[in-house]
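Understanding the architecture of this molecule
If you want the building blocks of each chain, they are given just below.
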Amino acid sequence: MSTSTAAAVTAEELFDQACGQARRAAVLASVEALLGWDEQTLLPPRAGGYRAEQAAAVAALVHGIRTDPAHGDRLARLAAGPLARSGPAEVAGTIRLLNRDFQKQSRLPARLVEELARTCVEAQQAWREARAESAWEKLRPWLERVFALKREQAACQLPDRDPYDALMDDYEPGASWPAVAARFDALRGQLVDLVRACVGSPRRPDDTLLRGSFPEAAQQRFVREVAARIGFDFSRGRLDTTAHPFCATMGPHDCRITTRWDERFLPTALFGVLHEAGHGLYEQGLPTAWRGLPPGEAASLGVHESQSRLWENLVGRSAAFWEWCFPLAREAFPGPLAGATTRGVQRAVLAVRPSFIRVEADEVTYNLHVMLRFDLERALVQGSLAVADLPDAWNERFERDFGIRPPTAADGVLQDIHWSAGLVGYFPTYTLGNLFAAQLMYAAEAALPRLDRDMAAGRFAGLLDWLRRNVHAHGRLVESERLVEQACGGPASERWLVSSLQRRYGEAHGL
Ligand code: ZN
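A quick note: this is a predicted structure, and the numbers were derived from the prediction, not measured.

Next up on the list: the overall build of the chain. Helix and strand content of the chain: 21 helices and three strands. C-alpha extents for the chain along the principal axes are approximately 80 × 55 × 45 Å. Taking as baseline every contact in the chain between residues at least 6 positions apart, the subset at least 24 positions apart corresponds to 73%. As presented, the chain carries roughly 21,800 Å² of accessible surface, and 53% of it is formed by carbon and sulfur atoms. With 59 positive and 64 negative side-chain charges, the chain shows a separation of 3 Å between the mean positions of the two kinds.

So, about the coordination of the zinc ion. Note on metal geometry: ideal angles are 109.5 degrees for four donors arranged tetrahedrally and 90 or 180 degrees for six donors arranged octahedrally. Within the first shell, the zinc ion binds the protein through His-275 (NE2), His-279 (NE2) and Glu-305 (OE), at distances of 2.1 to 2.3 Å. On the primary sequence, the residues serving as donors to the zinc ion are separated as H-x3-H-x25-E. Of this pair, His-275 sits in helix α11 (residues 267-285) while Glu-305 sits in helix α12 (residues 301-315); the two residues are 30 residues apart in sequence, bridging distant segments of the chain. For the pair His-275 and Glu-305, one class covers both residues: buried.

To continue, consider the packing of helix α9 (residues 177-200) against helix α15 (residues 363-382). Describing two packed helices takes the angle between their axes plus the distance from one axis to the other. Two numbers describe how α9 lies on α15: the axes approach to 9 Å, and their chain directions differ by 140°. Considering how the two elements wind past one another, α9 and α15 form a crossing that is left-handed. Listed contacts from α15 to Trp-177, Val-180, Ala-181, Phe-184, Leu-187, Arg-188, Leu-191, Val-192, Leu-194 and Val-195 of α9 are Val-364, Thr-365, Asn-367, Leu-368, Met-371, Phe-374, Asp-375, Arg-378 and Gln-382. Residue composition of the contact of α9 with α15, by class: 13 nonpolar, three polar and three charged.

Looking now at the environment of Glu-479. Position of Glu-479 among the secondary structure elements: in the loop between α19 (461-470) and α20 (480-488). In this structure the C-alpha to C-alpha distance between Glu-479 and Asp-38, which are 441 residues apart in sequence, comes to 32 Å.

Bringing the confidence of the model for the chain into the picture now. Predicted coordinates in regions of low pLDDT should not be interpreted in detail. The predicted model of the chain has a mean per-residue pLDDT of 95, with 98% of residues at 70 or higher. A low-confidence stretch, residues 1-6 stays under pLDDT 50, and its non-local contacts, those more than four residues away or across chains, total one contact.

To continue, consider helix α6 (residues 110-133). Here α6 spans 35 Å end to end across 24 residues, near enough to the 34 Å set by a 1.5 Å rise per residue. Within α6, the full set of buried residues consists of Leu-112, Leu-116, Thr-119, Cys-120, Ala-123, Gln-124, Ala-126, Trp-127 and Ala-130. Packed against the buried residues of α6 are α7 (136-157). Note on α6: the residue one or two positions beyond its end, Ser-134, has a positive phi of about 50°.

So, about the sheet that holds strand β3 (residues 254-259). Pairing is mixed across the open sheet formed by three strands, whose spatial order is β1-β3-β2. Single-partner strands in this sheet number two, and they are β1 (237-241) and β2 (247-251). Averaged over neighbouring strand pairs, the angle between their axes works out to 25° when direction is ignored. Relative to β3, β1 runs parallel, the two sharing five bridges. Looking at β3, one finds that Asp-240 is bridged to Thr-258. Against the sheet, α11 contacts β1, β2 and β3, and its axis sits at roughly 165° relative to β3.

Here we come to the pattern of salt bridges. Tallied over the entire structure, the rule returns 34 salt bridges. A salt bridge links Arg-183 to Glu-481; its shortest N-O distance comes to 2.8 Å. Taken together, the residues Arg-183 in helix α9 and Glu-481 in helix α20 connect sequence positions 298 residues apart. In this structure Arg-183 comes out as buried when scored by relative accessible area, which is 14%. Arg-309 serves as the salt-bridge partner of Glu-312, at 3.6 Å between the closest nitrogen and oxygen. Of this pair, Glu-312 and Arg-309 both sit in helix α12, three residues apart, roughly one helical turn. Pair check on accessibility: Glu-312 and Arg-309 agree, each one buried. Each of Asp-185, Arg-188, Asp-375, Arg-378, Arg-397 and Asp-401 takes part in salt bridges that share partners, so that together they form one network.

Here we take up the domain arrangement of the chain. For the chain, the assigned domains read domain 1 (3-157) and domain 2 (177-508). The C-alpha centroid of domain 2 is placed 27 Å from the C-alpha centroid of domain 1. The partner domain 2 presents 39 residues to the 38 residues of domain 1 that form the contact. Taking both sides of the interface into account, the surface hidden between domain 1 and domain 2 amounts to around 3,300 Å²; carbon and sulfur atoms contribute 69%. Among the residues of domain 1 in contact with domain 2, Trp-37, Trp-136 and Phe-147 are the three that bury the most area, contributing 22% of the side total. Between domain 1 and domain 2 we count one salt bridge in total. Going through the elements one at a time, α1 (3-41), α5 (89-106), α6 and α7 are the ones with two or more residues in the side of domain 1 that touches domain 2. Broken down by element, the residue count for the side of domain 1 that touches domain 2 peaks at eleven residues, all from α1.

Attention now moves to the nonpolar core. With 134 residues, the main nonpolar core has Phe-222, Leu-310, Trp-311 and Trp-322 as its most contacted residues. Shared between two domains, this core holds at least three residues of each, these being domain 1 (3-157) and domain 2 (177-508). One finds Phe-15, Ala-22, Leu-83 and Leu-293 within the second-largest nonpolar core, a separate group that totals 14 residues.

Our next topic: empty space enclosed by the protein. Inspection of every chain in the model, using the stated rule, returns two cavities of 30 Å³ or more. Taken as a whole, the largest cavity encloses approximately 60 Å³ of empty space. Surrounding the largest cavity, Arg-309, Asn-313, Leu-314, Glu-363, Asn-434, Ala-437, Ala-438, Leu-497, Ser-500 and Arg-504 form its lining. Elements that contribute at least two residues to the lining of the largest cavity include exactly α12, α17 (428-447) and α21 (495-508). For the lining of the largest cavity, a count of residues per class yields four nonpolar, three polar and three charged. Estimates place the volume of the second largest cavity at around 40 Å³. Along its surface, the second largest cavity is lined by Trp-127, Leu-139, Leu-143, Val-413, Leu-414, Asp-416, Ile-417, Trp-419 and Ser-420. Of the residues in the lining of the second largest cavity, the class split is seven nonpolar, one polar and one charged. Mapped onto the domain boundaries, the lining of the second largest cavity takes at least three residues apiece from domain 1 (3-157) and domain 2 (177-508).

Criteria and cut-off values
Residues numbered from 1 in each chain as written. Predicted model: local features only at pLDDT ≥ 70, side-chain atom pairs only at ≥ 80, totals over all residues. Heavy atoms only, no water. Helix = DSSP H or I, 4+ residues; strand = E, 2+ residues; numbered from the N terminus. Contact = heavy atoms within 4.5 Å. Areas by Shrake-Rupley, 256 points an atom, 1.4 Å probe, with all protein chains shown as cover. Lys, Arg positive; Asp, Glu negative; His and termini not counted. Charge placed at Lys NZ, Arg CZ, Asp CG, Glu CD. Donors = N, O, S within 2.8 Å, 3.2 Å for Na, K, Ca; no water. Buried < 20%, exposed > 50% of the residue type's maximum accessible area, 1.4 Å probe, protein only. Axes fitted to C-alpha atoms, helices over the stretch in contact; angles between N-to-C directions. Left-handed = near helix turned anticlockwise from the far one by under 90°. Nonpolar A, V, L, I, M, F, W, Y, C, P; charged D, E, K, R; others polar. pLDDT = per-residue confidence, 0-100. Expected span 1.5 Å × (residues − 1). Pairing = 2+ DSSP bridges. Salt bridge = Lys/Arg side-chain N within 4 Å of Asp/Glu carboxyl O. Domains from an automatic or database assignment. Buried area = accessible area lost by both parts, 1.4 Å probe. Core = buried A, V, L, I, M, F, W, Y, C linked by side-chain atoms within 4.5 Å. 1 Å grid on protein atoms, 1.4 Å probe; cavity = no way out; pocket = protein on both sides within 12 Å on 5 of 7 lines; lining within 4 Å. Points joined across faces, edges and corners; volume = space filled by probe spheres on them.

If you want it as structure tokens, here you go:
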């Protein structure tokens, strides 16, 4: 055996050991995810305290495995070795990304990790109370603590980066705020104009036909059929009921989506399930051979959101989708939809109505909600805005963008759980997701000339296959902007979202 072969064997053994350790952490992290899913779907009300202890114990184990110095040592040796330079793309990428994860995580002192976890649990409790009573002063001291800790986290984990970018990196690796801000600024003016035109149009779509009596049992059957038809694999996943819908993955063949049911308004569960199933299709499409390692993991939250938004809005609110879906809906809900037409529903799902609450927003105004939060949280992290001045800053900005002013703090600054949960730098990924989704859909339409006819016939496999090959198959080896560029044949840009919204909503509002 030559010296170089011996070195290569050593590097491969080292690689296997590093992957084994990363997978052990991933297995435990999936136990943590299972505890979280259970907490939000089935946990008895008084079991919360012990569940928090269980979750904290598992989280500590995961953190210990991920920041084990022996693991870091192996990764450092791999990074300097032949596999990192000339190994297969998945192997070199795994070494690079595991190293990066290790560096970031091991720079955080255990004291800070614990303090953040504890403070955020308490801040979320304060948030629930503050929101219920619309009492800003109950949350203010907690947010001051959270933002101080998040600034400390930013300085520790990526000391060379701008603090906001350091936090955003947890959700959208490699993103930088000046680039995101430039894109959002270009988007905002055009969205404000489109919202004004839609709201002022004498030919606004009427969505009253989607309001009425839609029994939960019938909705259950209907949305399961829709989710299965777009490709969500129920032999590798479930749909359950929750107050705040989400998608969680507990393993390569265990993806759980959740929804809430509104018996007076059909779109809540239908679009909610299309959204979560879109997340689920991405999870079910990641390469299972690489589970627990970067080639088997999602690229970023922005890319994740692009998948959910694509199915929810670009498929679910398209005319072609309703050609197929309307007869199914009328069969499921013969009462409320008796007098409806395909055309009527196609327009009704595109109604624009400015509202104070982000999670109730339509597709056009939604991004204005996100951009407001992005600008405010950045100012809080960078120090140009004090937490105490947040409610006024929120209301002023809201009035400028939406033309209405939140009457209470609960309708404004207190509506989201994110900041009290320590999720800072997370909001922009929602709009990045919309932007990526629109661009991906244009590329898919160009690659699949029969797409509209297929969707009108209830055939979605071609689109899903295109997403599998161009997005899902790459795991997180390629950063989001590059991934979109590679899939679409041109750099990521906001113009696809603008053009998609102007075309679809302009037509529905007779503009
Ligand atoms: Zn989502």
